Amino acid sequence: MKKILYFYPENPLLVHQGNNARANKLLHYFRGREIDVDFIGIESKSFTTTDLKSLLKFDFVKKGKLLKKKQSKGIRYLFTESIPNKIRLKSKKLFSRLRYGSKSHFNNFIKGKNYDYIIISYAYWMPLVIDNPHLGKAKIIIDTHDFLTAQFQNEKGFEIGKGFETEINILNKADIVWAISDEENYLFSQFISKPIYTIRHGLEDKSFSRKDCQYDLIYVASNNNHNLKSAEWFFEKVYPLLSKDFKICVVGRVNQVVEKQSNITQINYVEDLDDIYHISKVCICPMLSGTGVKIKVIEALSHGLPVVCNSRGLDGLPSKFDNGCIAEDNEQLFAKQINKLLTDADFYSKKSTEAKLFFNKTFDTNLVSQKLDELFF
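Residues numbered from 1 in each chain as written. Predicted model: local features only at pLDDT ≥ 70, side-chain atom pairs only at ≥ 80, totals over all residues. Heavy atoms only, no water.

Enquirer: What exactly am I supposed to notice about the overall build of the protein chain here?
Expert: Within the protein chain, the regular secondary structure consists of 14 helices and 13 strands. For the C-alpha atoms alone, the extent of the protein chain along its principal axes is close to 65 × 45 × 40 Å. For the protein chain, the proportion of its 377 residues judged to be buried stands at 53%. Working note: accessible area of the protein chain is about 17,900 Å², and carbon and sulfur atoms make up 49% of it. For the protein chain, the centre of its 55 positive side-chain charges and the centre of its 44 negative side-chain charges are spaced 7 Å apart. (Helix = DSSP H or I, 4+ residues; strand = E, 2+ residues; numbered from the N terminus. Buried < 20%, exposed > 50% of the residue type's maximum accessible area, 1.4 Å probe, protein only. Areas by Shrake-Rupley, 256 points an atom, 1.4 Å probe, with all protein chains shown as cover. Lys, Arg positive; Asp, Glu negative; His and termini not counted. Charge placed at Lys NZ, Arg CZ, Asp CG, Glu CD.)

As structure tokens, this is what we get:
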């Protein structure tokens, strides 16, 4: 039986956030294949020992540990972390999220465990395993999740060339690299000598014929800066161009920048997003910036919902056409496409069918599981 250590810093039970949903699906895969999984995360307000106990209770993991985000500060901290951090270039500082004591706590957990694979999420956590004498014969997999140089490019003092070099050097320290899209696979493969696999976010097909819907539009987003900026654009530029008869449901912490309106239902948290998708007709995904696959787009396609988005909403999709999505960067055209989907039954049926077909040949969970089986078995 395979034995894996899975490091993922955030709470994989909070599936309304795309990266967590991906981690959650990976845990489902491991459980379904009866792979022994130990888990290490980072303790936070949204990831507590209670959450870790839930992962154990549902048999997602055999053993688990949460590393504290901040360790005690003393003389050793001053010379091993504080002063070096002030000296290091911004481009290099961003690529390590280690805190004083975190590596030693990590090592205490893995000593003598003899894992077949150790999966590290995000390049900035790779220092946990680089030059680590306690890894045994484990193969190191880096699940990149995203192209971090693109994410960091607008940080003050960040040097793109040095940042890219740092990221590539880190990825080359792994035995296997996972990319979330073919686009990022292509980019990394130009500079990385290690095997690279595209491991997409897989979901079950949940599409069905809709007749009466409670909501015309569904918009799901967290409150990261990319989403907040994009939501402000939509509600300032596009929303005034839409009929006030259209009922809109906004789900997630993006609601902090959404003003109350009679035709807008605001839900900060819902236990099961499927319940909302099932009673919605069209998904919107305004995205002006950001990198990587938009998990909310894949979720909508899995329900057979057409998606109206900006060009950034297509990032990571292996096909930019005939995929159930309509991308417009102009607010007038964005609104026009929403209006057409909600008033033209034939057009809606065409885009919904596209969404179902594209999803089933690209993101169906069985396809992703087959790819993982090739690696682990």
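Enquirer: Would you explain the pattern of salt bridges in this entry?
Expert: Note that side chains of opposite charge can pair when their charged atoms are close. Considering all chains together, one arrives at 13 salt bridges under this definition. As a salt-bridge pair, K68 and E43 come within 3.4 Å of each other at their nearest N and O atoms. One end of the pair, K68, is in the loop between β3 (63–67) and α3 (75–87); the other, E43, is in the loop between β2 (36–42) and α2 (49–57), with 25 residues separating them in the sequence. Overall, the relative accessible area of 46% leaves K68 in the partly exposed class. (Salt bridge = Lys/Arg side-chain N within 4 Å of Asp/Glu carboxyl O.)

Enquirer: Any chance you could explain the packing of helix α9 (residues 225–238) against helix α12 (residues 331–343) here in plain terms?
Expert: The relative placement of two packed helices is expressed as an angle between their axes plus a distance between the axes. For the pair α9 and α12, interaxial distance at closest approach is 10 Å and the crossing angle is 80°. Compared by their axis directions, α9 and α12 come out roughly perpendicular. In this structure, α9 contributes W233, F234, K237 and V238 to the contact, and α12 contributes E331, F334, A335 and I338. Among the residues making up the contact of α9 with α12, the classes are represented as six nonpolar, no polar and two charged. (Axes fitted to C-alpha atoms, helices over the stretch in contact; angles between N-to-C directions. Parallel < 35°, antiparallel > 145°, perpendicular 65-115°, else oblique. Contact = heavy atoms within 4.5 Å. Nonpolar A, V, L, I, M, F, W, Y, C, P; charged D, E, K, R; others polar.)

Enquirer: Would you take a moment to explain the packing of aromatic side chains for this structure?
Expert: Think of a pair of aromatic rings as described by two things: how far the centres are apart, and how the planes are tilted against each other in angle. Evaluated as defined, the whole model comprises 25 aromatic pairs. Their ring planes at 35° and their centres at 6.4 Å tell us that Y29 and F376 sit as a pair that is tilted. With Y29 in helix α1 (residues 18–32) and F376 in helix α14 (residues 365–376), the pair connects residues that are 347 residues apart, well separated along the chain. A relative accessible area of 6% means that Y29 is categorised as buried. Among the residues examined, F376 registers a relative accessible area of 1% and is labelled buried. Stacked on the ring of F109, the Lys or Arg K113 has its end atom at 4.0 Å from the ring centre. (Phe/Tyr/Trp six-rings, centres within 6.5 Å; stacked < 30°, edge-to-face > 60°. Lys NZ or Arg CZ within 6 Å of the ring centre and 35° of its normal.)

Enquirer: Sorry if this is basic, but what is going on with the side chain of N185 here?
Expert: Mapped onto the fold, N185 is located in helix α8 (residues 182–189). Once residues lying within four places of it in the same chain are set aside, the contact partners of N185 are A179, I196, Y197 and T198.

Enquirer: Could you clarify how one ought to interpret the packing of helix α11 (residues 295–302) against helix α13 (residues 345–362) in this entry?
Expert: Across the interface, α11 lies against α13 with an axial gap of 8 Å and an inter-helix angle of 110°. Put simply, α11 runs roughly perpendicular to α13. As α11 packs across α13, the resulting crossing turns out to be left-handed. Each of I298, L301 and S302 in α11 lies in contact with α13, whose residues at this interface are A355, F358 and F359. Counted by class, the contact of α11 with α13 contains five nonpolar, one polar and no charged residues. (Left-handed = near helix turned anticlockwise from the far one by under 90°.)

Enquirer: Explain α12 to me, please; I cannot follow it from the model alone.
Expert: The α-helix winds at 3.6 residues per turn, so residues separated by three or four positions along the chain end up facing the same way. The end-to-end C-alpha distance of α12 is 18 Å, a good match for the 18 Å that 13 residues give at a rise of 1.5 Å each. Among all positions in α12, only F334, A335, Q337, I338, L341 and L342 are buried. Taken around the axis of α12, the buried residues stretch over an arc of 160°, which confines them to a single face. In α12, those exposed residues whose orientation departs by more than 90 degrees from the buried face are K336 and T343. Its buried side turned inward, α12 meets β8 (215–220), α9, β11 (280–285), β12 (307–309), β13 (325–327) and α13. (Expected span 1.5 Å × (residues − 1). Arc of directions from axis to C-beta.)

Enquirer: How should I be thinking about the sheet that holds strand β1 (residues 3–7) in this particular structure?
Expert: What the seven strands build is an open sheet, ordered β3-β2-β1-β4-β5-β6-β7; its pairing is parallel. A single partner strand is all that each edge strand has here, and the edge strands are β3 and β7 (196–198). Here the strands of the sheet are splayed against their neighbours by 20° on average, with no regard to which way each runs. Of the strand pairs in this sheet, strand β4 (residues 117–121) and strand β5 (residues 139–143) are connected by five bridges, and their pairing is parallel. Bridging from a neighbouring strand, I120 pairs with I142 of β5. (Pairing = 2+ DSSP bridges.)

Enquirer: Teacher, can you tell me more about the layout of surface pockets here?
Expert: Any empty space left between the atoms is revealed when a probe the size of a water molecule rolls over them. There is about 490 Å³ of room inside the second largest pocket. V15, N24, K25, K206 and D272 are the residues nearest the centre of the second largest pocket, which is lined by 21 residues in total. At the level of elements, α1, α10 (273–277) and α11 are the ones that each hand at least two residues to the lining of the second largest pocket. It is α1 that provides the largest number of residues to the lining of the second largest pocket, a total of five residues. (1 Å grid on protein atoms, 1.4 Å probe; cavity = no way out; pocket = protein on both sides within 12 Å on 5 of 7 lines; lining within 4 Å. Points joined across faces, edges and corners; volume = space filled by probe spheres on them.)

Enquirer: What is the right way to look at the nonpolar core in this model?
Expert: The nonpolar side chains of soluble globular proteins are, as a tendency, buried together. Y6, F30, I118, W125, V129, W178 and F376 are the most contacted members of the largest nonpolar core, which totals 67 residues. Ranked by residue count, the leading element in this core is α1, at five residues. Filtering out sequence-adjacent residues up to four positions away, Y6 remains in contact with A23, L26, L27, V37, D38, F39, I40, I119 and S121. (Core = buried A, V, L, I, M, F, W, Y, C linked by side-chain atoms within 4.5 Å.)

Enquirer: Please explain the environment of I4 as it appears in this structure.
Expert: Relative to the assigned elements, I4 resides in strand β1. Sequence separation between I4 and V61 is 57 residues; the distance between their C-alpha atoms is 9.7 Å. Aside from chain neighbours lying at most four places away, what touches I4 is F30, I35, D36, V37, D38, Y115, Y117, I119 and F376.

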